[in-house]
Amino acid sequence: MTLHIRFMTKKDKPTVVRILRDTTEFKPMEIAVAVEVIDSYLRDPVGSGYHIIVAEMGSRLVGYLAYGAAPLTEGTWDIYWAAVSREDRGQGIGSALMSHAEDEIKKARGRLAVIETSSKPEYERTRRFHRKTGYELACTVKDFYAPGDDKLIFLKKLEL
Ligand SMILES: CC(C)(COP(=O)(O)OP(=O)(O)OC[C@H]1O[C@@H](n2cnc3c(N)ncnc32)[C@H](O)[C@@H]1OP(=O)(O)O)[C@@H](O)C(=O)NCCC(=O)NCCS
């Protein structure tokens, strides 16, 4: 089955929210913020500063990714959230979403993609995904999220 990646529209919201709620790695507060970002994007896809893409396998929406230009930078972009439905993970959908987002960022003259994540053991698979898609750990902010929970900043230079 081929994968089709396109920008998110209003009719995709219920499925994307379901995928987010099924993602046990995300805390309820993180899901609430992810949904706020989705609403802001859907209200104003051009002016919100957010970009959201979804992946479809046949007629089934199986993943999403949110990203945006980092304010007050020249060509630096943040990758905010990515999630693939539980039953579809490990088949290259997350990597395809990432590479599509990077292509869009490059078209907008972006040169650096940034991902921030947690050092907690339950994020080990997520960190493996970031490394696998070409991101390198640039720095660690000790105890940023909570005592013992560091912020890890992963970077990827995008070839223009
Ligand atoms: C991380 C995520 C978006 C990757 O999407 P995916 O479609 O599973 O990724 P791909 O198939 O392209 O790549 C698979 C790699 O992702 C990593 N991975 C992370 N979580 C995984 C999972 N639950 N199942 C399978 N692979 C996972 C592995 O390193 C795997 O490679 P490996 O099997 O060679 O070690 C997806 O697994 C997911 O939604 N995870 C939970 C939410 C999350 O961590 N989001 C990212 C941070 S915002």
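Structure's up top.
K.L.:
Is there a simple way to think about the sheet that holds strand 2 (residues 51–57) in this case?
P.N.:
Two pairing modes exist for strands in a sheet, parallel and antiparallel, and in both the strands are linked by backbone hydrogen bonds. As summarised here, the arrangement of the seven strands in space is 1-2-3-4-5-7-6, forming an open sheet in which the pairing is mixed. Each edge of the open sheet is held by one strand with a lone partner, namely strand 1 (3–7) and strand 6 (136–146). Strand-to-strand twist in this sheet, taken as the mean axis angle between neighbours without regard to direction, amounts to 25 degrees. In this structure, strand 2 lies alongside strand 3 (residues 60–69), joined through seven bridges in antiparallel fashion. Looking at the pairing, H51 lines up with Y67 of strand 3. Strands in contact with helix 4 (residues 124–132) are strand 5 (112–118) and strand 7 (149–157); relative to strand 5, the strand with the most contacts, it is inclined by about 165 degrees.

K.L.:
When you look at the packing of aromatic side chains in this model, what are you seeing that I'm missing?
P.N.:
Two aromatic rings are characterised by how far apart their centres lie and by the angle between their planes. Under the criterion given, the structure shown has three aromatic pairs. Seen in terms of ring centroids, F144 and Y145 are 5.1 Å apart; in terms of plane orientation they differ by 90 degrees. Their pairing is edge-to-face. Just above the ring of F144 sits the side chain of K151; from NZ or CZ to the centre is 3.8 Å.

Reading the values: the criteria
Residues numbered from 1 in each chain as written. Predicted model: local features only at pLDDT ≥ 70, side-chain atom pairs only at ≥ 80, totals over all residues. Heavy atoms only, no water. Pairing = 2+ DSSP bridges. Helix = DSSP H or I, 4+ residues; strand = E, 2+ residues; numbered from the N terminus. Axes fitted to C-alpha atoms, helices over the stretch in contact; angles between N-to-C directions. Contact = heavy atoms within 4.5 Å. Phe/Tyr/Trp six-rings, centres within 6.5 Å; stacked < 30°, edge-to-face > 60°. Lys NZ or Arg CZ within 6 Å of the ring centre and 35° of its normal.

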